[in-house]
Amino acid sequence: MFKKSCLSTALAVLLVQSFNASAISDADLQAIREQIQQLKQSYEQRIAQLEQRLQAAEASGKQAESAAARAQADVRQAVTRPASDAGRSSENAFNPAISLILGGTYGSLKQDPATAATGFEMGTNPGHDQGFSLGESELGISANIDADYRGAITLALDPAGGVSVENAYVQNSALGNGLNLKFGRYFSGLGYLNEQHAHAWDFADQPLVYAALWENQLGEDGVQVKWLAPSDTFIEIGGEIGRGRGFPGSDRAKNGAGAGVLFAHVGDDIGIEHSWRAGASLHQTRAVDRASDGVPDLLATPDGVSNSFSGDSSTVGLDLVWKYAPNGNIGDRYVKLQGEYFRRKESGLLTYDTAGAAITDSYAVTQSGWYLQGVYQFMPQWRSGLRYDRLDPGTAQVGAPNAGNVIADHAFNPSRISWMLDYSPSEFSRLRLQLARDNSRQALADNQFFVQYIMSLGAHGAHSY
Amino acid sequence: MKKFLYVLLLLPLGGNAQAALNVFACEPEWAALTQQLAGDQASIYTATGALQDPHRVEARPSLIAKARRADLVVCTGAELETAWLPVVLRESGNRAVQPGGSGYFEAAQWVRMLEVPAKLDRAEGDVHALGNPHIQTDARNFLPIADALAKRLMQLDPANAAHYRQRLADFDRQWSAALEKWARQAAPLRGVPVIVQHNGFPYLSNWLGLKKVATLEPKPGMEPSATYLGRVLNELRQQPARMVLRAAYQNARPSEWIAERARIPAVMLPYTVGGTSQAGDLYALFDDTIQRLLAGLK
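Remember, predicted model here, so these are calculated numbers, not experimental data.

Caption draft 1: Expanded view of the overall build of chain B. When you go through chain B residue by residue, the secondary structure sums to 10 helices and 8 strands. When its C-alpha atoms are laid out on the principal axes, chain B stretches across 80 × 40 × 35 Å. Looking at chain B as a whole, 51% of its 298 residues qualify as buried. Here the contacts in chain B between residues at least 6 apart in sequence split such that 63% fall between residues at least 24 apart.

Shown next, in the form of structure tokens:
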């Protein structure tokens with residue numbers, strides 16, 4: 001301000017002195033005053049502008065300086081941060097992971113789905129649902145319990161409205177030395193498909209051999225121990241003892257173990273594009289008064305009869321999976337081929353027609369089945385698959401008293417061929433179409449058609465191989 | 001005799017018995033960094049290839065077998081490997097490498113995460129709660145990660161601590177020099193508008209000053225549809241981009257579709273070590289990345 005007024009006064013004095021040289025009138029004087037006033041104003045404006053510019057220049061200079069310093073720092077470092085977000089702590093921060101699978105199927109079948117595959121009436125036929133049905137909806141909750149234990153539960157929501165406990169187990173992976181311990185209720189580690197949950201199946205239903213020999217899946221209450229060899233090749237052996245809850249066991253309630261399983265898996269990669277796993281398993285149990293309903297007999301009793309079996313059941317299985325993906329990039333395209341074979345030998349006592357004649361005598365049979373399937377993801381999100389199923393009901397050795405009642409030789413091998421196409425709009429949703437030519441029941445060939453949705457909400461856990 | 005038997009037993013199992021540490025690296029960049037820091041003191045197995053989508057890997061038997069014998073697992077973390085690593089570690093029966101243990105190292109813990117979502121909703125696609133996990137595209141991130149990783153190596157293998165400290169110092173010096181070189185080389189890239197195929201480059205953009213104007217995936221992890229690509233193409237008329245970026249593991253089609261119609265180059269970046277034949281090690285990874293970006297400008 002001081003500078004400004006000095007300058008304007010000096011200018012005014014100069015001007016006034018220059019005009020003093022000649023005689024001037026009042027009017028002139030007035031005009032000069034006005035001019036001086038204008039000049040003063042204009043200079044004041046100019047000076048104010050200059051001051052503003054100076055300030056701005058100073059500020060931007062500082063900015064440039066600090067930007068340069070920051071750039072220097074940027075070159076070295078992407079702003080590190082201390083490794084803790086641990087500020088948050090509230091009760092629900094430790095809530096377990098919750099995942100909900102919503103699944104449903106529309107099934108169109110020409111034959112009554114309650115009829116079991118010919119020669120395989122000893123278990124409860126899992127069958128299919130006709131029309132719209134709530135398929136494989138399930139609720140899963142899991143979390144680490146402490147540094148050693150992890151717990152998981154899967155509740156299956158039954159279409160009829162009930163809830164059943166599919167899995168409820170505790171796992172300890174911290175034993176070291178390749179040991180893995182699991183106890184509670186779990187899917188047995190036998191075969192390849194047995195451990196997979198329904199939402200991870202590649203088809204809308206399980207292969208016939210799983211439906212007929214394991215009632216879709218063998219769930220067990222018991223203890224499982226696995227050991228992984230310290231080798232570059234995957235070599236795992238495992239054993240289970242359990243209650244014998246699921247078929248072919250009869251859920252017996254007594255001390256000791258009701259069923260035992262042994263399994264071994266070997267697997268590896270071949271280059272980066274191929275991977276495989278092969279396995280063998282053995283399952284043994286003893287069934288007591290295991291009931292089977294609607295069993296056809298030699299007398300052609302309408303709707304069949306109810307039988308009961310007590311005896312030993314021993315099943316061996318082989319499984320093989322091979323996967324191929326160009327460059328090992330499964331997000332893009334891949335091929336997955338898998339096949340499994342199971343062979344079951346049962347021997348004991350069979351009571352024919354428990355509700356009527358009730359004749360008990362010896363019974364032994366060896367049954368087997370296999371499937372082979374291929375799934376091809378031909379472009380991201382789209383997969384197509386083909387599966388062939390086949391069962392052999394075997395020829396039973398029936399004791400003389402029942403020889404005229406029980407069918408020993410069905411002279412028929414159930415089979416089925418299925419084709420599916422599925423589309424996954426995202427990792428969390430899948431829509432599937434499946435067609436099947438079902439020839440699993442003698443003289444009851446069926447064309448089946450399924451539409452299925454599988455949606456995954458909440459936590460999305462990792463899938464096994 | 002007993003000794004001989006042990007040796008016999010170990011022979012087929014040992015693989016690389018003279019190396020002090022068995023390291024299981026989830027992605028090639030961490031294998032390369034471990035290699036820089038440990039030299040021949042570590043025998044390193046890389047779980048995924050540069051042409052694999054690291055989000056979508058399977059818990060293959062071979063991975064479980066390798067994790068069984070690992071002393072140290074080095075991964076990105078931030079949920080990048082959430083689809084497979086938890087199963088691999090659980091099934092490995094290896095106590096040392098379980099999350100929380102000293103044998104489990106997550107690189108993402110040591111850098112500032114970008115794009116941490118304020119709201120978690122799957123309607124937004126495959127978002128990661130802890131932020132965008134593709135941290136390896138910003139070369140500056142390797143300094144703090146190397147520092148933390150070297151400390152972990154010293155902790156696990158104290159006998160060779162001096163070796164790791166020396167190698168860390170060497171790496172620090174060389175990498176800092178390289179960072180200055182890259183910053184100079186990449187100067188013309190500052191402010192350049194780009195399209196990305198997958199939202200996998202926020203760290204690269206943050207580092208080099210690229211400006212992302214569009215993403216070809218409608219939501220993270222979702223394949224772009226033709227309709228959506230058409231819409232992106234339309235938007236490009238208002239807000240043009242200079243090039244379209246994709247990682248080596250991604251399908252070339254969407255970027256090429258856009259590139260052809262928008263008349264801009266489609267630039268494939270190695271994304272990690274081995275993504276291109278030029279990106280043979282960590283230094284070459286960023287040399288090649290910047291060269292490819294600069295070539296896209298022309």
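Further notes follow.
Caption draft 2: Focus on the overall build of chain A. Per the secondary structure count, chain A includes 3 helices and 18 strands. Taking all 465 residues of chain A together, 33% fall into the buried category. Considering only residue pairs separated by 6 or more positions, chain A has 60% of its internal contacts joining residues 24 or more positions apart.

Caption draft 3: Spatial organisation of the nonpolar core. Core analysis: the biggest nonpolar cluster contains 92 residues, and Ala25, Val73, Val74 and Val244 of chain B have the highest contact counts within it. Top contributing element to this core by residue count: helix α5 (residues 142-156) of chain B, with 7 residues. Counting contributing residues, this core receives three or more from each of domain 1 (15-179) and domain 2 (186-297) of chain B. Contact partners of Val73 of chain B, with chain neighbours within four places excluded, come to Phe24, Ala67, Val97, Gly103, Tyr104 and Phe105 of chain B. Formed by 39 residues, the second largest nonpolar core is a distinct cluster that contains Leu208, Trp214, Val365 and Ala396 of chain A.

Caption draft 4: Structural detail: the domain arrangement of chain B. Residues and elements named next belong to chain B. Here chain B is partitioned into domain 1 (15-179) and domain 2 (186-297). Here the C-alpha centroids of domain 1 and domain 2 sit 25 Å apart. Listed per partner, the contact involves 29 residues of domain 1 and 24 residues of domain 2. By residue class, the composition of the side of domain 1 that touches domain 2 is 11 nonpolar, 10 polar and 8 charged.

Caption draft 5: The confidence of the model for chain A, seen in detail. Residue and element names in this part refer to chain A. Averaged over chain A, the pLDDT score is 85; the fraction of residues at 70 or greater is 81%. Of the regions scoring below 50 in pLDDT, residues 10-23 engages in 5 contacts with residues more than four places distant in sequence or in other chains. Note on residues 82-88: pLDDT under 50 across the span, and 3 contacts to partners over four residues away in sequence or across chains.

Caption draft 6: The environment of Asp121 of chain B, seen in detail. Following the sequence through the fold, Asp121 of chain B ends up in the loop between β4 (104-106) and α5. When the C-alpha atoms of Asp121 of chain B and Gln239 of chain B are compared, they prove to be 28 Å apart, with 118 residues separating the residues in sequence.

Caption draft 7: Main features of the sheet that holds strand β1 (residues 21-25) of chain B. All names here are of chain B. One open sheet accounts for 4 strands, arranged β2-β1-β3-β4; its pairing is parallel. For this open sheet the edge positions go to β2 (42-46) and β4, each flanked by a neighbour on one side alone. With strand direction ignored, the average angle separating the axes of adjacent strands in the sheet is 20°. Two strands pair when backbone bridges link them, and β1 and β2 are joined in this way by 5 bridges, in the parallel orientation. When the bridges of β2 are listed, Ala25 appears paired with Thr46.

Caption draft 8: View of helix α4 (residues 85-92) of chain B. Across the 8 residues of α4 of chain B, 6 count as buried, placing the element largely inside the fold. On its buried side, α4 of chain B packs onto β6 (179-187) and β7 (219-228) of chain A together with α3 (61-68) and β3 (72-75) of chain B.

Caption draft 9: Inspection of the interface of chain A and chain B at higher detail. Taken residue by residue, the interface counts 43 residues in chain A and 51 residues in chain B. Of all elements in the fold, only α2 (26-76), β6, β9 (259-270) and β10 (274-295) of chain A reach the threshold of two or more residues within the side of chain A that touches chain B. The element that contributes the greatest number of residues to the side of chain A that touches chain B is β9 of chain A, accounting for 3 residues. Its residues assigned to classes, the side of chain A that touches chain B comprises 17 nonpolar, 18 polar and 8 charged.

Caption draft 10: Representation of the sheet that holds strand β5 (residues 193-196) of chain B. All names here are of chain B. One open sheet accounts for 4 strands, arranged β6-β5-β7-β8; its pairing is parallel. Strands with a single pairing partner mark the edges of an open sheet, and in this sheet they are β6 (211-215) and β8 (266-269). Each strand axis lies, on average, 35° off the axis of its neighbour in the sheet, ignoring direction. Of the pairings in the sheet, the one linking β5 to strand β7 (residues 243-247) comprises 3 bridges and is parallel in character.

Caption draft 11: View of the environment of Thr82 of chain B. Note that Thr82 of chain B resides in the loop between β3 and α4. With 26 residues separating them along the chain, Thr82 of chain B and Arg56 of chain B place their C-alpha atoms 9.1 Å apart.

Caption draft 12: Structural context of the packing of helix α8 (residues 226-238) of chain B against helix α9 (residues 253-262) of chain B. Residue and element names in this part refer to chain B. Direction vectors running N to C along α8 and α9 enclose 35°, while the axes themselves pass 10 Å from each other. Here α8 and α9 pass one another in a crossing that is right-handed. Between α8, through Leu229, Val232, Leu233 and Leu236, and α9, the contact on the second element is made entirely by Pro254, Trp257, Ile258, Arg261 and Ala262.

Caption draft 13: Up close: the pairing of β8 of chain B. Residues and elements named next belong to chain B. Because side chains alternate across β8, one face comprises the buried residues Ala266 and Met268, and the other comprises Val267 and Leu269, equally buried. By the bridge criterion, 4 bridges tie β7 to β8 in an arrangement that is parallel. Opposite Val244, over in β8, you have Ala266 as the bridge partner. Chirality of the crossover, the property in question, places the unit of β7, α9 and β8 among those that are right-handed.

Caption draft 14: A look at the environment of Asp268 of chain A. Tracing the sequence through the fold places Asp268 of chain A in strand β9. A sequence separation of 122 residues divides Asp268 of chain A from Asp146 of chain A, and the C-alpha atoms of the two residues are 32 Å apart.

Caption draft 15: Expanded view of the confidence of the model for chain B. Residues and elements named next belong to chain B. For chain B, mean pLDDT is 89; residues scoring 70 or higher make up 94% of the total. Taking the mean pLDDT of every element in chain B, the minimum, 44, falls on helix α1 (residues 2-14) and the maximum, 97, on β3. Of the regions scoring below 50 in pLDDT, residues 1-17 engages in 7 contacts with residues more than four places distant in sequence or in other chains. Per the prediction output, this complex has pTM 0.83; the corresponding ipTM is 0.85.

Caption draft 16: Geometry of unusual backbone geometry. Residue Pro248 of chain A follows Phe247 of chain A across a cis peptide bond; omega there is 15°. In this structure, Pro248 of chain A sits in the loop between β8 (234-242) and β9. Non-glycine residue Ala411 of chain A carries a positive phi angle of around 50°. When you line up the elements, Ala411 of chain A lands in the loop between β15 (397-398) and β16 (415-426). Phi at Tyr271 of chain B is positive, roughly 70°, even though this residue is not glycine.

Caption draft 17: Expanded view of the packing of α3 of chain B against α4 of chain B. All names here are of chain B. Between α3 and α4, the shortest axis-to-axis distance is 8 Å and the interhelical angle comes to 55°. Classified by the angle between their axes, α3 and α4 sit oblique to one another. Relative to α4, the crossing made by α3 is right-handed. From α3, Leu63, Ile64, Ala67 and Arg68 reach across to α4, where they touch Val88, Leu89, Glu91 and Ser92.

Definitions and cut-offs
Residues numbered from 1 in each chain as written. Chains lettered and ligands numbered in written order. Predicted model: local features only at pLDDT ≥ 70, side-chain atom pairs only at ≥ 80, totals over all residues. Helix = DSSP H or I, 4+ residues; strand = E, 2+ residues; numbered from the N terminus. Buried ≥ 20, exposed ≤ 12 C-beta atoms within 10 Å, placed from the backbone. Contact = placed C-beta atoms within 7 Å. Core = buried A, V, L, I, M, F, W, Y, C linked by C-beta atoms within 7 Å. Domains from an automatic or database assignment. Nonpolar A, V, L, I, M, F, W, Y, C, P; charged D, E, K, R; others polar. pLDDT = per-residue confidence, 0-100. Pairing = 2+ DSSP bridges. Axes fitted to C-alpha atoms, helices over the stretch in contact; angles between N-to-C directions. Left-handed = near helix turned anticlockwise from the far one by under 90°. Right-handed = clockwise from strand over helix to strand, strands pointing away. Parallel < 35°, antiparallel > 145°, perpendicular 65-115°, else oblique.

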